[in-house]
Amino acid sequence: MNATEIIASYVSGFCFEDIPQEVVMRCKTVILDTLGVMIRASISKGASERILRFGSRFGRHGRSTLIGTNTKTDPITAALVNGTTAHDIIELDEVHSRANTHTAAVLVPAALAVTEDQAGSGKNLLSAVVLGFDIECRIGIALDNARVYGRAFHPTSIAGCFCAAVAAGHVLKLNKAQAQYALGLAGSQACGLIAWENESEHMSKSFQTGVAARNGVISPLAANIYLNEVDWAFDEIRCKTAQGPYEAGNYHRFADDIVITVSGHRSKRGWAERALSRLEEDLAPLRVSINWEKTKIVNILSGESFGFLGFDIRRVAKKEGGGYFI
């Protein structure tokens, strides 16, 4: 497995019962500490005042709280706003010395926003924060903050995007494949320059923790929606068409490349065409269409082949014992 697969496997299998009690207690302290910073920031000037006005005006109705106010909004806006306020009372929030990241300022707002949105429990929040801390600090240490700063990037916002994605994804109960997509989307959005070193008001530095929290929340939400409804629909078909250990139909997807396999038995004649029609129907509500130039129906049994992810898929005769394999 590559690094992303290892992290995704760990994330998808993580649960509250895995956490030692002393870590749970420490996590509660970190959450309360971060909430205290956000509450104080909600009555301060500067970045907090501006981002709260932004969230109140442009956020849509939802269940996630803008901390320090009575305003409820969507989880993406809440993560952005609260992630900004969590780092706006200058350097008062938590910092991890080895990773050199303000982990909680990104992580707690992201986890809290999605937990509220999903009507999750306290255990959901605690396990999401512990998991996010574990991942961000490992990534931060691996990046080597001296090298990151040397290239004019901000470790907190770079690594923070991943921890926010992991925490939000945990609350959303992403499976391993979805967690991989979320991490990939987080990597595409990881950003943050140290231009804030030249400013006097700490605004862009606070904003970067908010952006990391927001981008991290967007990643699993997108991974949980885009094409996954199609995955579930075809997984249901696969289960319904299974005959004992034999699957008459199956479905394989990597990003937006899809292969549907059906039995070559004469009783299943026409299934390939029906499966393709069903795929087109399921994609339509997502405003996604099939690329017909790249799409074809092939008969493996008659010697035809097709390409998938750089591999040529065909039926080949076994060297010994007779029979074939794909």
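Residues numbered from 1 in each chain as written. Predicted model: local features only at pLDDT ≥ 70, side-chain atom pairs only at ≥ 80, totals over all residues. Heavy atoms only, no water.

What follows covers the overall build of the protein chain. In terms of regular secondary structure, the protein chain is built from 12 helices and 10 strands. C-alpha extents for the protein chain along the principal axes are approximately 75 × 40 × 40 Å. Per-residue burial for the protein chain yields a buried fraction of 44% across its 326 residues. Here the contacts in the protein chain between residues at least 6 apart in sequence split such that 65% fall between residues at least 24 apart. (Helix = DSSP H or I, 4+ residues; strand = E, 2+ residues; numbered from the N terminus. Buried < 20%, exposed > 50% of the residue type's maximum accessible area, 1.4 Å probe, protein only. Contact = heavy atoms within 4.5 Å.)

Bringing the packing of aromatic side chains into the picture now. The geometry of two aromatic rings is summed up by the distance between their centres and the angle between their planes. All told, the structure shown has 2 aromatic pairs when counted by the stated rule. Centroid distance Tyr10 to Phe14: 5.7 Å. Interplanar angle 80 degrees. Geometry classified as edge-to-face. Given the relative accessible area of 34%, Tyr10 is considered partly exposed. We note Lys205 situated over the ring of Trp196; from NZ or CZ to the ring centre the distance is 4.9 Å. (Phe/Tyr/Trp six-rings, centres within 6.5 Å; stacked < 30°, edge-to-face > 60°. Lys NZ or Arg CZ within 6 Å of the ring centre and 35° of its normal.)

This paragraph deals with the nonpolar core. Judged by nonpolar contacts, the single largest core of 60 residues is most densely connected at Ile31, Val129, Phe133 and Val217. Every residue in contact with Ile31, bar those within four places of it in the chain, is listed here: Val108, Leu125, Leu126 and Val129. (Core = buried A, V, L, I, M, F, W, Y, C linked by side-chain atoms within 4.5 Å.)

The next subject is the packing of helix 5 (residues 103-117) against helix 6 (residues 122-143). Close contact between helix 5 and helix 6 brings their axes to 9 Å; oriented N to C, the two are set at 145 degrees. Crossing of helix 5 against helix 6: the hand is right-handed. Side by side, helix 5 and helix 6 meet where Thr103, Ala104, Leu107, Ala111, Leu112 and Thr115 of the first sit next to Asn124, Leu125, Ala128, Val129, Gly132, Phe133, Glu136 and Cys137 of the second. Of the residues assigned to the contact of helix 5 with helix 6, the class counts are 9 nonpolar, 4 polar and 1 charged. (Axes fitted to C-alpha atoms, helices over the stretch in contact; angles between N-to-C directions. Left-handed = near helix turned anticlockwise from the far one by under 90°. Nonpolar A, V, L, I, M, F, W, Y, C, P; charged D, E, K, R; others polar.)

What follows is about the state of the cysteines. For the coordinates displayed, the defined rule picks out 0 disulfides. For Cys27, which is in no disulfide, the shortest distance to another cysteine sulfur is to Cys163 and amounts to 12 Å. Note on Cys27: relative accessible area 6%, which makes it buried. Of all cysteine sulfurs in the structure, the one in Cys137 sits closest to Cys163, which takes part in no disulfide; the separation is 8.2 Å. Classification of Cys163 as buried rests on a relative accessible area of 0%. (Disulfide = S-S within 2.5 Å.)

Below, the discussion takes up the pattern of salt bridges. Inspection of every chain in the model, using the stated rule, returns 4 salt bridges. Its salt-bridge partner being Arg138, residue Asp134 comes within 2.5 Å of it at the nearest N-O pair. Here Arg138 and Asp134 lie together in helix 6, a separation of 4 residues that amounts to about one turn. Given the relative accessible area of 57%, Arg138 is considered exposed. In this structure, the salt-bridge partner of Asp312 is Arg314, at a minimum N-O distance of 2.7 Å. (Salt bridge = Lys/Arg side-chain N within 4 Å of Asp/Glu carboxyl O.)

Our next topic: the side chain of Asp88. With respect to the element layout, Asp88 can be found in the loop between helix 4 (75-85) and helix 5. No salt bridge is formed by the buried Asp88; the nearest opposite charge belongs to Arg50, separated by 8.1 Å. At a separation of 2.6 Å, a polar atom in the side chain of Asp88 contacts the side chain of Ser48. Look past the residues within four positions of Asp88 in its chain and what remains in contact with it is Ala41, Ser44, Lys45, Ala47, Ser48, His202 and Ser206. (Lys, Arg positive; Asp, Glu negative; His and termini not counted. Polar contact = N/O pair within 3.5 Å; in protein donor to acceptor, adjacent residues only side chain to side chain.)

With respect to the helices and strands, Ala190 occurs in the loop between helix 9 (176-189) and helix 10 (203-223). For the pair Ala190 and Phe162, spaced 28 residues apart in sequence, the C-alpha to C-alpha distance is 7.7 Å. Residues contacting Ala190, with those up to four places away along its chain left out, are Ile158, Cys161 and Phe162.

Backbone phi values are negative for most residues with the exception of glycine, while trans is the configuration of most peptide bonds. Located in the positive-phi region is Ala152, a residue other than glycine, with phi close to 70 degrees. Mapping Ala152 onto the fold places it in the loop between helix 7 (145-150) and helix 8 (155-171). With a relative accessible area of 34%, Ala152 lands in the partly exposed category. Despite not being glycine, Lys173 has its phi angle at roughly 60 degrees, a positive value.

What follows concerns the packing of helix 6 against helix 8. The interhelical angle for the contact between helix 6 and helix 8, taken along N-to-C directions, is 150 degrees, at an axis separation of 8 Å. Regarding the angle of helix 6 to helix 8, the classification is roughly antiparallel. Of the two elements, helix 6 crosses helix 8, and the hand of that crossing is right-handed. Contact with helix 6, carried on its side by Asn124, Ser127, Ala128, Leu131, Gly132, Ile135, Glu136, Ile139, Gly140 and Leu143, involves Thr156, Ile158, Ala159, Gly160, Phe162, Cys163, Val166, Ala167, His170 and Val171 of helix 8 and no other residues of that element. In terms of residue class, the contact of helix 6 with helix 8 is made up of 12 nonpolar, 7 polar and 1 charged. (Parallel < 35°, antiparallel > 145°, perpendicular 65-115°, else oblique.)

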